[in-house]
Amino acid sequence: MELMNGLDEMDKQKVIEWIVSCQLPSGKPLSKLLRSPQTNLFVGGFGGNIGHDAHLLYTMSAVQVLCMYDAMDRINKENLVTFISSLQKEDGSFAGDEWGEIDTRFSYIAISCLSLLGRLDTINTDKAAEFVLSCKNFDGAFGCVPGAESHAGQTFCCVGALTILGKVDLLDKDLLGWWLCERQVPSGGLNGRPEKLPDVCYSWWVVSSLACIDRLIWIDREKLINFILESQDPEGGGIADRPDDLPDVFHTFFGVAGLSLMGMEGLSPVDPAYAVSINTLNKLGIKPVQYRK
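Model, not experiment: these values are computed from the prediction. (Residues numbered from 1 in each chain as written. Predicted model: local features only at pLDDT ≥ 70, side-chain atom pairs only at ≥ 80, totals over all residues. Heavy atoms only, no water.)

1. Structural notes on the packing of aromatic side chains
Line of reasoning, step 1. Counting across every chain of the model gives seven aromatic pairs.
Line of reasoning, step 2. Measuring from ring centre to ring centre gives 5.7 Å for F156 and W204, while their planes differ by 65 degrees; the resulting arrangement is edge-to-face. Note that F156 is positioned in helix 6 (residues 152-164) and W204 in helix 8 (residues 202-212), a separation of 48 residues in sequence.
Line of reasoning, step 3. Take F156: its relative accessible area is 3%, and that puts it in the buried class.
Line of reasoning, step 4. Between F253 and F254, the aromatic rings sit 5.1 Å apart at their centres with planes inclined by 65 degrees, giving edge-to-face as the arrangement.
Line of reasoning, step 5. The exposure class assigned to F253 is partly exposed, which follows from its relative accessible area of 34%.
Line of reasoning, step 6. Judged by its relative accessible area of 8%, F254 falls in the buried class.
Line of reasoning, step 7. Each member of the aromatic cluster is reached from another via a ring pair, and the members are Y108, F156, W204, W205, F250, F253 and F254.
Line of reasoning, step 8. The lysine or arginine in question, R183, covers the ring of W179, its NZ or CZ lying 4.6 Å from the ring centre. (Phe/Tyr/Trp six-rings, centres within 6.5 Å; stacked < 30°, edge-to-face > 60°. Helix = DSSP H or I, 4+ residues; strand = E, 2+ residues; numbered from the N terminus. Buried < 20%, exposed > 50% of the residue type's maximum accessible area, 1.4 Å probe, protein only. Lys NZ or Arg CZ within 6 Å of the ring centre and 35° of its normal.)

Structure representation (structure tokens):
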């Protein structure tokens, strides 16, 4: 909605109040909420709904929306910072929650959130970058852990994390750019891995990665734009994963964000590393990524 300049059409206070209610307050035992009755964990992260376990995935969405609404003062910020930073491991990686799954998605989320909060000083950024780089494969792209298959979604997470940390120049941008451009198929859409069907969501994962390494001009933008627009429901307005499928909020966001990255008229510009509008970054005093459209 923000990218379409329609944020005022939503009830701001209700959105904020619901998000705030999903933060698990630090200092409150969660033994009644968590699966293990023996736990005495104290957290400040966000769950996917009221009373749900805290996880970095939902925490990221909460932070992004609260930043858009200038409402970070409505939550316990220090508890949130503690929750995120406490999930970093000795090798620099991040778990998504107390149960310990490691994934480069969580590295990106932690780095992005702490940067938006102005608290990157609470983690070991060198170690964080080192782990992300250890997940790079021979083709220049990235997997979820060292040795895992290259995937466009994971590649965005790693490229975005390195961009935020100011270490994107450590990448072989031409090699990575080649792999990303190979994701475009004859229909104009993008896939996430070789031999897979195109999906609108990769209009974000791939295009944002190309923008971060300044190689966006390497793909056929007009064909991709047409693929996204053909995936829009002419009646409901939402965007599906591909033409003739049912639309959903997930693909609608990534479709609109991809169109914004490619400079479509009428849309507010989005930052390829943070996945929030340039307007939001400007309010936070964060310099947006510069790239050729």
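2. Quick word on the pattern of salt bridges
Line of reasoning, step 1. Inspection of every chain in the model, using the stated rule, returns 13 salt bridges.
Line of reasoning, step 2. For K283, the salt bridge is made with D70, and the minimal N-O distance between the two is 3.4 Å. Taken together, the residues span a long stretch of sequence, with K283 in helix 11 (residues 278-284) and D70 in the loop between helix 2 (56-68) and helix 3 (77-85) at a distance of 213 residues.
Line of reasoning, step 3. Of the charged contacts, one joins R292 and D214 as a salt bridge, the two residues approaching to 3.1 Å between their closest N and O atoms. Here R292 is found in the segment after helix 11, whereas its partner D214 is found in the loop between helix 8 and helix 9 (221-230), with 78 residues between them in sequence. (Salt bridge = Lys/Arg side-chain N within 4 Å of Asp/Glu carboxyl O.)

3. Things to note about the packing of helix 6 against helix 8
Line of reasoning, step 1. The interhelical angle for the contact between helix 6 and helix 8, taken along N-to-C directions, is 35 degrees, at an axis separation of 9 Å. Considering only the axes of helix 6 and helix 8, their crossing is left-handed. For the pair helix 6 and helix 8, contact is made by A152, G153, T155, F156, V159 and T163 and by Y202, W204, W205, V206, S208, S209 and C212, respectively.
Line of reasoning, step 2. Split into classes, the residues belonging to the contact of helix 6 with helix 8 amount to eight nonpolar, five polar and no charged. (Axes fitted to C-alpha atoms, helices over the stretch in contact; angles between N-to-C directions. Left-handed = near helix turned anticlockwise from the far one by under 90°. Contact = heavy atoms within 4.5 Å. Nonpolar A, V, L, I, M, F, W, Y, C, P; charged D, E, K, R; others polar.)

4. Examining helix 2
Line of reasoning, step 1. Relative to the 18 Å expected for 13 residues at 1.5 Å per residue, helix 2 spans 18 Å between its end C-alpha atoms, a close match to the ideal helical length.
Line of reasoning, step 2. The complete set of buried residues in helix 2 reads L56, T59, M60, A62, V63, Q64, L66, C67 and M68.
Line of reasoning, step 3. Buried residues belonging to helix 2 abut helix 1 (12-21), helix 3, helix 4 (104-116) and helix 11.
Line of reasoning, step 4. Downstream of helix 2 by a residue or two, D70 has a phi angle that is positive, lying close to 55 degrees. (Expected span 1.5 Å × (residues − 1).)

5. Quick look at the confidence of the model for the protein chain
Line of reasoning, step 1. In the predicted model, the protein chain carries a mean pLDDT of 93, and 94% of its residues have values of at least 70.
Line of reasoning, step 2. When the criterion is pLDDT under 50, residues 26-42 qualifies, and its contacts beyond four places in sequence or with other chains add up to 28 contacts. (pLDDT = per-residue confidence, 0-100.)

6. Considerations on helix 10 (residues 249-261)
Line of reasoning, step 1. Taking 1.5 Å of rise per residue, 13 residues should cover 18 Å, and helix 10 covers 18 Å from first to last C-alpha, within 8% of that figure.
Line of reasoning, step 2. Considered for burial, the residues of helix 10 that qualify are H251, F254, G255, V256, A257, G258, L259, S260 and L261.
Line of reasoning, step 3. Tucked inside the fold, the buried residues of helix 10 contact helix 8 and helix 9.
Line of reasoning, step 4. Measuring from the side-chain oxygen of the N-cap residue of helix 10 to the backbone nitrogen of F250 gives 3.1 Å; that N-cap residue is D248. (Polar contact = N/O pair within 3.5 Å; in protein donor to acceptor, adjacent residues only side chain to side chain.)

7. Concerning a nonpolar patch on the surface
Line of reasoning, step 1. Taken together, M1, M4 and M10 make up a surface patch of nonpolar side chains, about 270 Å² in accessible area.
Line of reasoning, step 2. Tracing the backbone through its elements, the reader meets M4 in the segment before helix 1.
Line of reasoning, step 3. You can call M4 partly exposed: its relative accessible area is 42%. (Patch = residues over 30% accessible without salt bridge, like charges linked within 9 Å, V, L, I, M, F, W, Y side chains within 5 Å. Areas by Shrake-Rupley, 256 points an atom, 1.4 Å probe, with all protein chains shown as cover.)

8. Considering the environment of C158
Line of reasoning, step 1. For C158, the location among the structural elements is in helix 6.
Line of reasoning, step 2. Taking C-alpha positions, C158 is 6.4 Å from Y108, a pair spaced 50 residues apart along the chain.
Line of reasoning, step 3. Once you skip the residues sitting within four places of it in the chain, C158 turns out to touch T104, V132, F142 and G143.

9. Structural notes on unusual backbone geometry
Line of reasoning, step 1. Unlike most non-glycine residues, N5 shows phi in positive territory, near 60 degrees.
Line of reasoning, step 2. Position of N5 relative to the elements: it lies in the segment before helix 1.
Line of reasoning, step 3. Judged by relative accessible area, N5 falls into the exposed class, the value being 53%.
Line of reasoning, step 4. At E195, a position not held by glycine, the phi torsion is positive, near 70 degrees.
Line of reasoning, step 5. As for its position among the elements, E195 is in the loop between helix 7 (173-181) and helix 8.
Line of reasoning, step 6. When its relative accessible area of 79% is taken as the criterion, E195 is described as exposed.

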